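A structural walkthrough
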Amino acid sequence: MRILLANANTTEAITERCAEAARATASTGTEIVPGTPRFGPAVISSLLENAIAAHGVLDLLAEHAGAVDAVVLAVSLDTALDAARQLMPCPVVGMTEAACLTACMLGNRFGLVTFGGTEAYRLLIERHGLSGRLSGLIGVDFTPQRALADPEGAVRAVAQGVVALAAGGADSVVLGGAALAGMEPALRAASPVPLLDGIICGVRMAETLVALAPPRARQGPMAPVRGRDSVGLSPALATLLRGGD
């Protein structure tokens with residue numbers, strides 16, 4: 001089984017961190033194929049950058065269409081998730097969606113801790129239909145770039161956020177964001193509740209979907225696009241829009 005781990009940010013160090021976490025949890029025989037877009041924001045931190053990054057990640061996915069068995073979007077805002085599911089001939093899993101759905105199986109309410117602002121996560125969780133299960137959001141005063149330079153400081157800051165969310169009623173806590181990938185082991189001993197790494201949840205859910213082998217939709221919003229012309233897109237992406245998957 002081959003799983004494309006698609007980062008929508010163009011920072012290669014984040015892709016590498018996510019790939020390391022994915023390989024550590026993947027089943028025997030699962031190959032993790034890391035991918036970084038050719039263009040787009042270095043680190044997505046706004047709705048505008050997320051919209052720009054959507055093109056970059058769809059362009060990346062198109063290059064791998066037919067060559068992988070599943071895709072995990074290694075990006076905190078599940079960038080272009082619905083479009084990616086319509087584009088690709090294989091299952092596509094968003095890392096934050098996967099972690100939040102897993103959290104719902106561990107208790108009634110979950111919290112989420114991330115670097116920086118939280119409003120985009122609130123909107124994302126609402127879009128996934130899980131607002132009623134959310135107990136709280138905490139954004140710690142760190143950036144992904146700073147976390148790469150000071151991993152111990154990042155762990156301390158995130159640990160404080162986890163404790164606060166647990167005190168506020170969270171039955172589990174989602175580690176929101178690709179920059180937090182692989183941090184769970186360092187936080188586990190100090191956490192009073194289960195912690196959910198989106199990369200780990202995403203890879204495991206992708207493996208499950210491949211094993212289930214669901215057929216592709218032939219109608220409705222997830223059905224593939226056919227016969228659409230385009231201008232200026234990469235050959236691979238333009239081909240999929242024409243229906244050549």
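Overview of the structure. Owing to the predicted nature of the structure, the values given are computational and were not obtained by experimental measurement.

**Let's talk about the overall build of the protein chain**
- Of regular secondary structure, the protein chain possesses 10 helices and eight strands.
- The globule rule puts the C-alpha radius of gyration for 245 residues at 18 Å, and the 17 Å found for the protein chain is close to it.
- Along the longest, intermediate and shortest principal axes, the C-alpha atoms of the protein chain span 55 × 35 × 35 Å.
- Taken across its 245 residues, the protein chain has 51% of its residues classed as buried.
- Taking contacts inside the protein chain between residues at least 6 apart in sequence as the whole, the part at least 24 apart equals 66%.
- Summed over its atoms, the accessible surface of the protein chain is roughly 11000 Å², and 54% of this surface lies on carbon and sulfur atoms.
- When the 18 positive and 22 negative side-chain charges of the protein chain are each reduced to one mean point, those points stand 5 Å apart.

**What to know about the packing of helix 4 (residues 95-104) against helix 9 (residues 198-212)**
- Running from amino to carboxyl end, helix 4 crosses helix 9 at an angle of 85°, the nearest separation of the two axes being 7 Å. Judged by the inter-axis angle, helix 4 sits roughly perpendicular to helix 9. Counted together, Met95, Ala98, Ala99, Leu101 and Thr102 of helix 4 and Gly198, Ile199, Cys201, Gly202 and Met205 of helix 9 form the full contact between these two elements.
- For the contact of helix 4 with helix 9, the class distribution of residues is seven nonpolar, three polar and no charged.

**Comments concerning the sheet that holds strand 7 (residues 172-175)**
- Taken in spatial order, the four strands of this open sheet run 6-5-7-8, and their pairing is parallel. Where the open sheet ends on each side, the last strands, each with one partner, are strand 6 (134-140) and strand 8 (195-197). Strand-to-strand twist across the sheet, computed as the mean angle between neighbouring axes with direction ignored, equals 25°.
- Where strand 5 (residues 110-115) meets strand 7, four bridges bridge the pair, whose relative direction is parallel. Counted as the bridge partner of phenylalanine 110 is serine 172 from strand 7.

**Description of the packing of aromatic side chains**
- Under the criterion given, the structure shown has one aromatic pair.
- Its end group placed over the ring of phenylalanine 142, arginine 146 keeps NZ or CZ at 3.8 Å from the ring centre.

**A few points about unusual backbone geometry**
- Phi is positive for aspartate 78, close to 50°, though the residue is something other than glycine.
- Topologically, aspartate 78 is positioned in the loop between strand 3 (70-73) and helix 3 (81-87).
- Judged by relative accessible area, which is 4%, aspartate 78 ranks as buried.
- Although it is not a glycine, alanine 80 sits at a positive phi angle of roughly 60°.

**Notes on the nonpolar core**
- Core analysis: the biggest nonpolar cluster contains 35 residues, and Leu5, Cys18, Phe110, Ile125, Val174, Ile199 and Val203 have the highest contact counts within it.
- At the level of secondary structure, the elements contributing two or more residues to this core comprise strand 1 (2-6), helix 1 (12-25), strand 3, helix 4, strand 5, helix 5 (119-127), strand 6 and helix 9.
- Core analysis: the second largest hydrophobic core is formed by 27 residues, Leu58, Val68, Leu87 and Met88 among them.

**Remarks on the environment of leucine 58**
- Looking at the secondary structure, you find leucine 58 in helix 2 (residues 47-64).
- Between the alpha carbons of leucine 58 and alanine 83 there is a distance of 7.9 Å; along the sequence they are 25 residues apart.
- Those residues in contact with leucine 58, other than ones at most four positions away along the chain, are Ala80, Ala83, Ala84, Leu87 and Leu237.

**A look at the side chain of threonine 96**
- With respect to the helices and strands, the residue threonine 96 is situated in helix 4.
- The exposure class of threonine 96 is buried, given its relative accessible area of 2%.
- Residues contacting threonine 96, with those up to four places away along its chain left out, are Val75, Ser76, Asp78, Leu112, Tyr121 and Leu124.

**A closer look at the pattern of salt bridges**
- Using the criterion set out here, one finds six salt bridges in the structure.
- Arginine 85 is the partner of glutamate 97 in a salt bridge, and the nearest nitrogen-oxygen pair spans 2.7 Å. Placement of the pair is glutamate 97 in helix 4 and arginine 85 in helix 3, with a sequence separation of 12 residues.
- In this structure glutamate 97 comes out as buried when scored by relative accessible area, which is 14%.
- Of the charged contacts in the structure, one is a salt bridge between arginine 188 and glutamate 184, with a shortest N-O distance of 2.6 Å. With arginine 188 and glutamate 184 both in helix 8 (residues 184-188) and four residues apart, this pair spans about one turn of that helix.
- Owing to a relative accessible area of 51%, arginine 188 belongs among the exposed residues under this scheme.

The rules we used
- Residues numbered from 1 in each chain as written.
- Predicted model: local features only at pLDDT ≥ 70, side-chain atom pairs only at ≥ 80, totals over all residues.
- Heavy atoms only, no water.
- Helix = DSSP H or I, 4+ residues; strand = E, 2+ residues; numbered from the N terminus.
- Rg over C-alpha atoms; globule rule 2.2 N^0.38 Å.
- Buried < 20%, exposed > 50% of the residue type's maximum accessible area, 1.4 Å probe, protein only.
- Contact = heavy atoms within 4.5 Å.
- Areas by Shrake-Rupley, 256 points an atom, 1.4 Å probe, with all protein chains shown as cover.
- Lys, Arg positive; Asp, Glu negative; His and termini not counted.
- Charge placed at Lys NZ, Arg CZ, Asp CG, Glu CD.
- Axes fitted to C-alpha atoms, helices over the stretch in contact; angles between N-to-C directions.
- Parallel < 35°, antiparallel > 145°, perpendicular 65-115°, else oblique.
- Nonpolar A, V, L, I, M, F, W, Y, C, P; charged D, E, K, R; others polar.
- Pairing = 2+ DSSP bridges.
- Phe/Tyr/Trp six-rings, centres within 6.5 Å; stacked < 30°, edge-to-face > 60°.
- Lys NZ or Arg CZ within 6 Å of the ring centre and 35° of its normal.
- Core = buried A, V, L, I, M, F, W, Y, C linked by side-chain atoms within 4.5 Å.
- Salt bridge = Lys/Arg side-chain N within 4 Å of Asp/Glu carboxyl O.

So far we have only geometry, and geometry alone does not tell us how the molecule works.
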